Amino acid sequence: MSNLLLNPGFETWSGGTSFSLGPGQQFTTTANNWQSGCGVSALDANMTLQVSKDIVVFDSGLASIKNQIATTTNPPLGDFCQVRQIQFPIIVVTGNVITFTVRVKIDATNCGVTVTPLVFNGNVDSNGTSGGIFVQKGSQSNWTTLSTVVGYTGTTPNLLRASVVMNPQDANGTAVVWLDTFDFEVTVAQPISSTLNDSILSQDWVSANKLNEVTFGD
Ligand SMILES: [Ca+2]
């Protein structure tokens with residue numbers, strides 16, 4: 001397996017190194033190949049997100065992505081900020097297993113926060129067998145590995161997406177989440193022709209060939 005992500009360690013920031021995302025703002029490109037969003041609806045009008053390249057606090061290389069979430073009123077359930085990468089050289093098919101790990105450091109002194117790595121797309125994400133972490137207000141963690149493993153069982157090929165969702169938990173607070181050293185890999189868990197019907201078989205072969213190129217090509 002090999003890492004499918006581009007700029008997985010948040011080292012490259014060609015478009016700037018600091019971004020302010022307002023309430024309800026849609027996704028904005030931050031670090032190269034990465035997008036950040038601060039909510040997707042009016043429900044998220046009670047928080048803002050400051051995204052920046054951090055060259056002091058990082059896990060690998062020379063930088064990380066720092067996400068500072070500020071809340072006003074108590075965030076409703078479902079409110080979240082997100083970091084995501086949505087362009088991949090392959091699609092996922094039935095039987096593929098996606099392994100997604102990230103390194104995270106959290107300062108929840110002024111606001112608790114839940115951080116969860118997700119795959120697939122926004123509304124049907126899966127956090128797989130494990131992955132999330134909830135840090136209570138008043139506590140702080142060192143760099144920690146979050147990992148999720150998802151076996152794709154959909155009957156049609158799907159686009160891949162790697163995202164980390166950050167849900168603040170308290171009103172009038174600030175939560176800081178550093179992320180670094182992402183790894184997103186896909187393996188074929190079983191003979192792919194055994195669980196596919198003819199209608200998607202051709203797409204499957206295309207995906208399998210691309211996966212093989214990615215997996216073994218280098
Ligand atoms: Ca890094």
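Quick caveat: nothing in here was measured; it's all calculated off a predicted structure. (Residues numbered from 1 in each chain as written. Predicted model: local features only at pLDDT ≥ 70, side-chain atom pairs only at ≥ 80, totals over all residues.)

### As for the pairing of strand β4 (residues 47-54)
Logical step 1: Sheet analysis places strand β1 (residues 18-21) next to β4, joined by four bridges and oriented antiparallel. Along β4, the bridge assignment pairs F19 with V51.
Logical step 2: Across eight bridges, the pairing between β4 and strand β5 (residues 64-71) is antiparallel. Among the inter-strand pairings, Q50 is bridged to a residue of β5, identified as Q68. (Pairing = 2+ DSSP bridges. Helix = DSSP H or I, 4+ residues; strand = E, 2+ residues; numbered from the N terminus.)

### Considering the nonpolar core
Logical step 1: Judged by nonpolar contacts, the single largest core of 45 residues is most densely connected at V113, M166, V177 and L179.
Logical step 2: Elements represented by at least two residues in this core include exactly β4, β5, β6 (81-85), β7 (96-107), β8 (113-119), β11 (162-168) and β12 (174-188).
Logical step 3: With eight residues, β12 is the largest single contributor of residues to this core.
Logical step 4: Look past the residues within four positions of M166 in its chain and what remains in contact with it is N67, I69, F80, C81, V113, V115 and V177. (Core = buried A, V, L, I, M, F, W, Y, C linked by C-beta atoms within 7 Å. Buried ≥ 20, exposed ≤ 12 C-beta atoms within 10 Å, placed from the backbone. Contact = placed C-beta atoms within 7 Å.)

### Remarks on the confidence of the model for the chain
Logical step 1: On average, residues of the chain score 79 in pLDDT, and 72% of them reach the 70 mark or higher.
Logical step 2: Predicted confidence is poor over residues 194-218, with pLDDT under 50, and the contacts of this stretch with residues over four places away or in other chains come to 32 contacts. (pLDDT = per-residue confidence, 0-100.)

### Some thoughts on the environment of A162
Logical step 1: Inspection of the secondary structure assignment puts A162 in strand β11.
Logical step 2: Residue class for A162 comes out buried when judged on the 23 C-beta atoms lying within 10 Å of it.
Logical step 3: Linking A162 and F184, residues 22 residues apart in sequence, is a C-alpha distance of 7.4 Å.
Logical step 4: Every residue in contact with A162, bar those within four places of it in the chain, is listed here: L5, R84, Q85, F100, V119, F182 and F184.

### Here we look at the pairing of β8
Logical step 1: Counting buried residues along β8, six of its seven residues qualify, which places the element largely inside the surrounding structure.
Logical step 2: As paired elements, β8 and strand β9 (residues 133-135) share three bridges and run antiparallel to each other. Note on β9: the bridge partner recorded for V115 is I133.

### Brief notes about the sheet that holds β9
Logical step 1: Strands sit in the order β2-β3-β6-β11-β8-β9 across an open sheet of six strands; the sheet is antiparallel. The two strands at the open ends of the sheet, each matched to only one other strand, are β2 (28-29) and β9.
Logical step 2: Pairing analysis gives four bridges linking strand β3 (residues 35-38) to β6, with the strands arranged antiparallel. Across the sheet, the residue bridging to Q35 is R84, located in β6.

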